[in-house]
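Structural characterization, general
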Amino acid sequence: MEEKRKDIENETDVELLVNRFYTKVRNDALLDAVFAPVIKGNWDTHLKLMVDFWSTLLLYTRKYNADPLSKHLPLELSIAHFDRWIHLFNETVDESFVGEIAENAKKRALSIARIMKAVKGISDVEVDNQS
Ligand code: HEM
């Protein structure tokens, strides 16, 4: 699949990014084990929420106004989950897009992951040594 890459420019692009990323997540045993019991098959709802989340962050659409941090507090997450999540997210962005907003997406994901880890008391050291 040889596509000419461009930047993330509109909500259709965000939808593509989100769909491709969560396809990887669902095919990843480590991450799927966390998502499956919570999502319970309602992937359509979750994907729509995630499109709203990312379009708000990257395109300022103001469609998402909830608090993602609190949703992650009850989840049992380790450094391995975060490393895998970030790895798959960066991989998805790089496979499909190139440009300033694509770079911003990766930066925002990493910084939110760092905040989540700090809130959950998970050490950041291993992630700092990667990339
Ligand atoms: C260890 C990595 C992660 C795992 C396993 C994970 C897992 C999950 C799960 C299971 C949910 C559904 C929660 C629920 O409906 O109760 C969720 C929601 C969500 N996640 Fe994550 N997540 C991870 C990292 C991240 C990161 C880094 C971001 C942001 C860049 C993020 C953004 C969100 C958002 C926006 C929601 C929707 C919250 C809402 O309902 O408003 N997640 N995540």
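- The name recorded for the protein in an unreviewed UniProt entry is Sec-independent protein translocase TatC, from Pedobacter ginsengisoli.

Some points on the overall build of the protein
- Tallying secondary structure elements over the protein gives 7 helices and 0 strands in all.
- Secondary structure of the protein in N-to-C order comes out as α-α-α-α-α-α-α.
- Computed over C-alpha atoms, the radius of gyration of the protein comes to 14 Å, within 12% of the 14 Å expected from 2.2 N^0.38 for 131 residues, which places it in the range of a compact globule.
- Overall, the C-alpha framework of the protein stretches about 40 × 35 × 30 Å when taken along its three principal axes.
- Approximately 8,100 Å² of the protein is accessible, and the part contributed by carbon and sulfur atoms is 53%.
- Each charge sign in the protein was given a centre, from 18 positive and 22 negative side chains, and these centres are 3 Å apart.

Side note on the packing of aromatic side chains
- Within this structure, the stated rule accounts for 10 aromatic pairs.
- On the numbers, 5.1 Å between centres and 75 degrees between planes, the contact of F53 with W54 is edge-to-face. In terms of burial, F53 and W54 fall into one category: buried.
- When the centroid spacing of 4.9 Å and the interplanar angle of 20 degrees are considered together, the rings of W54 and F89 count as stacked. Taken together, the positions of W54 in helix α3 (residues 43–59) and F89 in helix α5 (residues 79–96) put the pair 35 residues apart, joining distant regions of the chain.
- Residue classification places W54 among the buried residues on the basis of a relative accessible area of 2%.
- Accessibility expressed as a relative area gives 1% for F89, which makes it buried.

Here we look at the site of the ligand
- The ligand sits among 22 residues. The nearest are F35, Y64, K71, H72 and W85.
- Here Y64 contributes a side-chain N or O atom positioned 2.6 Å from an oxygen atom of the ligand.
- In this structure, H72 approaches the ligand through a side-chain N or O atom, which is 2.8 Å from a nitrogen atom.
- The pocket occupied by the ligand, as judged from atoms lying within 2 Å of grid points, is the largest pocket.
- Elements with a contribution of two residues or more to the shell around the ligand: α2 (29–39), α3, α4 (68–72), α5 and α6 (100–120).

So, how was this worked out
Residues numbered from 1 in each chain as written. Predicted model: local features only at pLDDT ≥ 70, side-chain atom pairs only at ≥ 80, totals over all residues. Heavy atoms only, no water. Helix = DSSP H or I, 4+ residues; strand = E, 2+ residues; numbered from the N terminus. Rg over C-alpha atoms; globule rule 2.2 N^0.38 Å. Areas by Shrake-Rupley, 256 points an atom, 1.4 Å probe, with all protein chains shown as cover. Lys, Arg positive; Asp, Glu negative; His and termini not counted. Charge placed at Lys NZ, Arg CZ, Asp CG, Glu CD. Phe/Tyr/Trp six-rings, centres within 6.5 Å; stacked < 30°, edge-to-face > 60°. Buried < 20%, exposed > 50% of the residue type's maximum accessible area, 1.4 Å probe, protein only. Near = heavy atom within 4 Å. Polar contact = N/O pair within 3.5 Å; in protein donor to acceptor, adjacent residues only side chain to side chain. 1 Å grid on protein atoms, 1.4 Å probe; cavity = no way out; pocket = protein on both sides within 12 Å on 5 of 7 lines; lining within 4 Å. Sits in = over half its atoms within 2 Å of the grid points.

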